[in-house]
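Geometric and topological summary
Here is what each chain is made of, one letter per residue.
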Amino acid sequence: QGPARGPSPPPCTSYFDVGTVTCKIGVEPWTSTDLNVILIVDSDSMAVIQLGLSASRPDGEGGSLDTIDFIFDNDDFTGPGTYSFNTSTEYILAMNYIPPGPGSTFQATSGTVTITEFSFDLTDVNSDIARGRLAGTFSFFGCTTYYPSRVCESPDTGVTVTEGTFEVCNFDVIYY
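Residues numbered from 1 in each chain as written. Predicted model: local features only at pLDDT ≥ 70, side-chain atom pairs only at ≥ 80, totals over all residues. Heavy atoms only, no water.

Before going further, it helps to spend a moment on the side chain of S32. Of note, S32 is situated in strand 2 (residues 28-32). Overall, the relative accessible area of 2% leaves S32 in the buried class. A polar contact is formed between the side chain of S32 and the backbone nitrogen of D34, at a distance of 3.2 Å. Excluding residues within four positions of it along the chain, S32 makes contact with G19, T20, V21, A55, S56 and R57. (Helix = DSSP H or I, 4+ residues; strand = E, 2+ residues; numbered from the N terminus. Buried < 20%, exposed > 50% of the residue type's maximum accessible area, 1.4 Å probe, protein only. Polar contact = N/O pair within 3.5 Å; in protein donor to acceptor, adjacent residues only side chain to side chain. Contact = heavy atoms within 4.5 Å.)

In structure tokens, the structure reads:
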């Protein structure tokens, strides 16, 4: 179930999102520690309805953000495992790269995300934050797409994202 991993880091010690997302966009290394992880939880069953991760970084050219995000809906996410990007149903499993400045959003049309660890604890004093860990890897090819067909407008202008890793602690929680 995924690559071998070293020892787990110590438990999170603060109530802020902590962690790192890394990858290569084309051949350029990309890293972010500005993370937001959201769990939408069923308030009756306490089951995860949706899981989302967004990682951003300033581009160095006036502060616009360079962002990678992904979202799982409960129909697709069943815990650790490898998931292929779903290009036929919007928002079930999606990953995007949004470069800085005006322009395109590159939506994953092929590739996978592998979750090697997912755990959370809603028993903390602040019910809007859950302690836990989310870790894994990802890679994808993305392009701008026509809705609703989700077919690349021009496949030769897409972006390839490889060697992606994520490891985060603490989640913002929304109850539904």
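Next up on the list: unusual backbone geometry. Its identity is not glycine, yet E163 carries a phi of approximately 55°, on the positive side. The exposed category is assigned to E163, whose relative accessible area is 56%. The backbone of N170 shows a phi angle near 70°, a positive value even though the residue is not glycine. Looking at the element boundaries, N170 is found in strand 12 (residues 159-175).

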